[in-house]
Protein chains: 2
Amino acid sequence: MELYYAEPGNIASEETEFDAFESQHILRARRKHRGDLIHFTDGIGRLYSGTIIREKPVVAVKHKLVRSSERHPAIAALAIGFIKPQRLDFLIEKATELGVNRFMLINSRFANYSSTNTDRWIKICRQAIKQSLRLFLPEIKVFDHFENFLLEHGTVDEKYIAEQSAPAGPAEVMAGISGMRNHSLLFAVGPEGGFASEEIDQARDNGFTPVNLGDFRLRTETAALVAAMIINLRS
Amino acid sequence: MELYYAEPGNIASEETEFDAFESQHILRARRKHRGDLIHFTDGIGRLYSGTIIREKPVVAVKHKLVRSSERHPAIAALAIGFIKPQRLDFLIEKATELGVNRFMLINSRFANYSSTNTDRWIKICRQAIKQSLRLFLPEIKVFDHFENFLLEHGTVDEKYIAEQSAPAGPAEVMAGISGMRNHSLLFAVGPEGGFASEEIDQARDNGFTPVNLGDFRLRTETAALVAAMIINLRS
């Protein structure tokens, strides 16, 4: 199945209009035409089918709701210190495919990059949920300081922070969360220079458990992928 | 620690010369000079330290062997149908960081890309072992047909092939290989179109177990990363 995305605000009672980017994709890349049946999601749990009734100026369909799902109650969050844009893009794409549903991007002390380009990451998430046939778009939030992240990270059951020298590794974390599918999880991974030791201490004071995400030295996005995989593999 | 790489052929009894790429990296990116101490590996298990004695035409050091490790007897192999070059590059980098030590790139039936640019991937592997402080460079082999891959994939203890409809998932695979740290593993993941059903059948006839690498539809490199993570997390 091919899945497309329409913003909830563009889904009226019977008709949906796609934005220019999605319209282009439907017509050019997928070679769909007036009269063709397509499937799409609103990114908040609904799957629709629709027949294309107009191609211009943007694609419009007459739609039917196929099914509606409740958002899984467990938050699966990655908090990441800023890294090179291309590496961050890739991480967001992969982690979305693997089921991460909240990204918290932190301008932490040793981060050499920063950005507030949420639109770009939302576009990447849209592509990734279409690819993996997921019906929920992840949330993305940017924090300008580590302290603000700690103040506003919300209520999660289990909170981990990556620290290379921590005694617990991925196996211990997986064993610890086994059978807790409804628990919310948050993994925080520092930028290339890692978190500062004060940041780790502050996190510990806020209930985070330090964990090392691998025996070898991993890049930020690789360590974050290990965390995403732990989220993905938990049973 | 910063780790550099020198080809075994360039390591004489007391002196080592780095190639132009590595010399550039040592001098320009890391701002090292004559007299500075650096560490490097030959990618076949040896860690050296050396003092820079020349900067031109390439960096040369007078070296000492720090330690020599035996290659882990267990092959950890990923066999991958060809995908877009940028996505393959990223996968090779991440999988090397995670401990994959053999890449088998297959021009399988539904692959839309192909390449024999082994030099490029070796360069990526070099960067990844330096990053993750590993002392062994993975092996890379290209197969022009799936049949040739089956004929020449060598002796491995456990062989898996990704198939979306297979009943066994990552949790079953992890349980199955638990405690078998010395068993060689091979995961085969098809290109974007997946493996052809004849290819899956041939693999099954050759002792491969079909496995689905996720409940949702994953891109090739994401599924292969799940396999790499299973290899990384096995205990």
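Nothing here was measured: the structure is a model prediction, and the numbers come from that model. Each residue is numbered by its place in its chain's sequence as written, counting from 1. To label them, take the chains in the order written and letter them from A, then take the ligands in the order written and number them from 1. For a predicted model such as this one, the threshold for reporting local features is a pLDDT of at least 70, and the threshold for listing and counting side-chain atom pairs is 80 or more; totals across whole chains, interfaces and linings nevertheless cover every residue. The side-chain numbers reported here are obtained from all heavy atoms of the structure, hydrogens and water having been left aside.

Details of the domain arrangement of chain A
Residue and element names in this part refer to chain A.
Next, step 1: According to the domain assignment, chain A consists of domain 1 (3-68) and domain 2 (76-233).
Next, step 2: Here the C-alpha centroids of domain 1 and domain 2 sit 32 Å apart.
Next, step 3: Facing the 15 residues of domain 1 at the interface are ten residues of domain 2.
Next, step 4: Contact between domain 1 and domain 2 buries roughly 1100 Å² in total, counting both sides, with carbon and sulfur atoms accounting for 63%. For every domain, the bounds stem from an assignment made automatically or drawn from a database. Residue contacts are counted whenever heavy atoms from the two residues lie within 4.5 Å of one another. Summed over both partners, buried area is the accessible surface (1.4 Å probe) that two parts give up on being assembled.

A look at unusual backbone geometry
Next, step 1: Of the consecutive residues Lys56 of chain A and Pro57 of chain A, the connecting peptide bond is found in the cis state with omega at 0°.
Next, step 2: Only runs of H or I of at least four residues qualify as helices and only runs of E of at least two qualify as strands under DSSP, and these elements are numbered from the N terminus. Position of Pro57 of chain A among the secondary structure elements: in the loop between strand E4 (46-54) and strand E5 (60-68).
Next, step 3: The backbone phi angle of Arg31 of chain A is positive, close to 50°, even though this residue is not glycine.
Next, step 4: Turning to its location among the elements, Arg31 of chain A is positioned in the loop between helix H1 (20-29) and strand E3 (37-41).
Next, step 5: Remark: exposure states derive from per-residue accessible area (1.4 Å probe, protein chains only) relative to the maximum for the residue type, with buried under 20%, exposed over 50%, and partly exposed in between. Overall, Arg31 of chain A belongs to the exposed group, its relative accessible area being 65%.
Next, step 6: We note that Leu133 of chain B has phi near 60°; this positive angle belongs to a residue other than glycine.
Next, step 7: Assignment of secondary structure puts Leu133 of chain B in the loop between helix H3 (118-132) and strand E8 (139-143).
Next, step 8: You can call Leu133 of chain B partly exposed: its relative accessible area is 28%.

Remarks on the packing of aromatic side chains
We describe a pair of aromatic rings using the distance from one ring centre to the other and the angle between the two ring planes.
Next, step 1: Classification of ring pairs uses Phe, Tyr and Trp, with its six-membered ring standing for Trp, and accepts pairs whose centres are within 6.5 Å; under 30 degrees between planes counts as stacked, over 60 as edge-to-face, and the remaining range as tilted. Scanning the entire structure with this criterion turns up 17 aromatic pairs over all chains.
Next, step 2: Ring plane angle 10° and centroid distance 5.0 Å describe the contact between Phe40 of chain A and Tyr48 of chain A, whose orientation is recorded as stacked. For the pair Phe40 of chain A and Tyr48 of chain A, a shared accessibility class is recorded, and that class is buried.
Next, step 3: The structure contains a cluster of three or more aromatic residues connected by ring pairs, namely Phe143, Phe146, Phe149, Phe195 and Phe208 of chain A.
Next, step 4: If you follow Arg134 of chain A out to its NZ or CZ, it ends over the ring of Phe216 of chain B, 3.7 Å from the centre.
Next, step 5: Seen from the ring of Phe90 of chain B, Lys94 of chain B lies directly overhead, with NZ or CZ sitting 5.2 Å from the centre. Should the NZ of a Lys or the CZ of an Arg lie within 6 Å of a ring centre and within 35 degrees of the ring normal, that charge is described as sitting over the ring.

A closer look at the nonpolar core
Next, step 1: Counting 84 residues, the largest nonpolar core has Leu78 of chain A together with Leu78 of chain B as its most contacted members.
Next, step 2: Other than its neighbours up to four places away in sequence, Leu78 of chain B contacts Leu91, Ala95, Val100, Arg102, Phe103, Met104, Leu186, Phe187, Ala224, Ala227 and Ala228 of chain B. Remark: nonpolar core denotes a set of buried residues (Ala, Val, Leu, Ile, Met, Phe, Trp, Tyr, Cys) joined through side-chain atoms within 4.5 Å.

With respect to the interface of chain B and chain A
Next, step 1: Between chain B and chain A, the residue contacts involve 25 residues of the former and 25 residues of the latter.
Next, step 2: Interface of chain B and chain A: buried area, both sides summed, is about 2600 Å²; carbon and sulfur atoms make up 58% of it.
Next, step 3: Take a side-chain nitrogen of Lys or Arg and a carboxyl oxygen of Asp or Glu: if they are within 4 Å of each other, that pair is a salt bridge. Viewed at the interface, chain A and chain B are joined by six salt bridges.
Next, step 4: For the salt bridge of Glu221 of chain A with Lys94 of chain B, the shortest nitrogen-to-oxygen distance reads 2.9 Å.
Next, step 5: Polar contact is the term for a pair of N or O atoms within 3.5 Å; when the atoms are in protein, one must be able to donate a hydrogen and the other to accept it, and sequence-neighboring residues count only if both atoms are side-chain atoms. Connecting chain B to chain A are 16 residue pairs in polar contact (both at pLDDT 80 or more).
Next, step 6: Among the secondary structure elements, those contributing two or more residues to the side of chain B that touches chain A are helix H2 (85-97), H3, helix H5 (170-177) and helix H7 (220-233) of chain B.
Next, step 7: Taken together, the residues of the side of chain B that touches chain A sort by class into twelve nonpolar, four polar and nine charged. Under the scheme applied, nonpolar residues are Ala, Val, Leu, Ile, Met, Phe, Trp, Tyr, Cys and Pro; charged residues are Asp, Glu, Lys and Arg; polar residues are all the others, including Gly.

A few points about the packing of helix H1 (residues 20-29) of chain B against H3 of chain B
Residues and elements named next belong to chain B.
Next, step 1: Fitted lines through C-alpha atoms serve as axes, helices being fitted only where they are in contact, and the angles separating the N-to-C directions of these axes extend from 0 to 180 degrees. Contact pair H1 / H3: the axes reach a minimum separation of 12 Å and the direction vectors enclose 35°. Relative to H3, H1 is oriented so that their crossing is right-handed. Listed contacts from H3 to Phe21, Glu22 and His25 of H1 are Lys123, Arg126, Gln127 and Lys130.
Next, step 2: For the contact of H1 with H3, the class distribution of residues is one nonpolar, two polar and four charged. By convention the crossing between two helices is left-handed if the near helix lies anticlockwise of the far one by an angle smaller than a right angle, and right-handed if it lies clockwise.

Observations concerning the relation of the copies chain B and chain A
Next, step 1: Overlay of chain B on chain A (RMSD 0.0 Å): rotation 180°, translation along the axis 0.0 Å. The symmetry that links the two subunits is that of a two-fold axis. Using C-alpha coordinates, one finds that chain B approaches the rotation axis most closely at Met229 of chain B, a distance of 3.6 Å.
Next, step 2: A high fraction, 100%, of the interface residues of chain B reappear at the interface in chain A, so the copies pair face to face through one surface. Superposition of the copies was done by least squares, using only C-alpha atoms of residues whose pLDDT is at least 70 in both.

Here we look at the sheet that holds strand E6 (residues 76-81) of chain B
All names here are of chain B.
Next, step 1: Taken in spatial order, the six strands line up as E8-E7-E6-E10-E9-E11 in an open sheet, and their pairing is parallel. Of all strands in the sheet, those bounded by a partner on one side alone are E8 and strand E11 (209-211). Mean inter-strand twist for the sheet, computed between neighbouring axes without regard to direction, equals 20°.
Next, step 2: Strands qualify as paired when DSSP identifies two bridges or more between them. Relative to E11, strand E9 (residues 158-162) is paired through three bridges, and the arrangement is parallel. Pairing of Ala162 across the sheet is with Val211, part of E11.
Next, step 3: Sheet strands touched by H3: strand E7 (102-106) and E8. Its angle to E8, the strand with the most contacts, is close to 150°.

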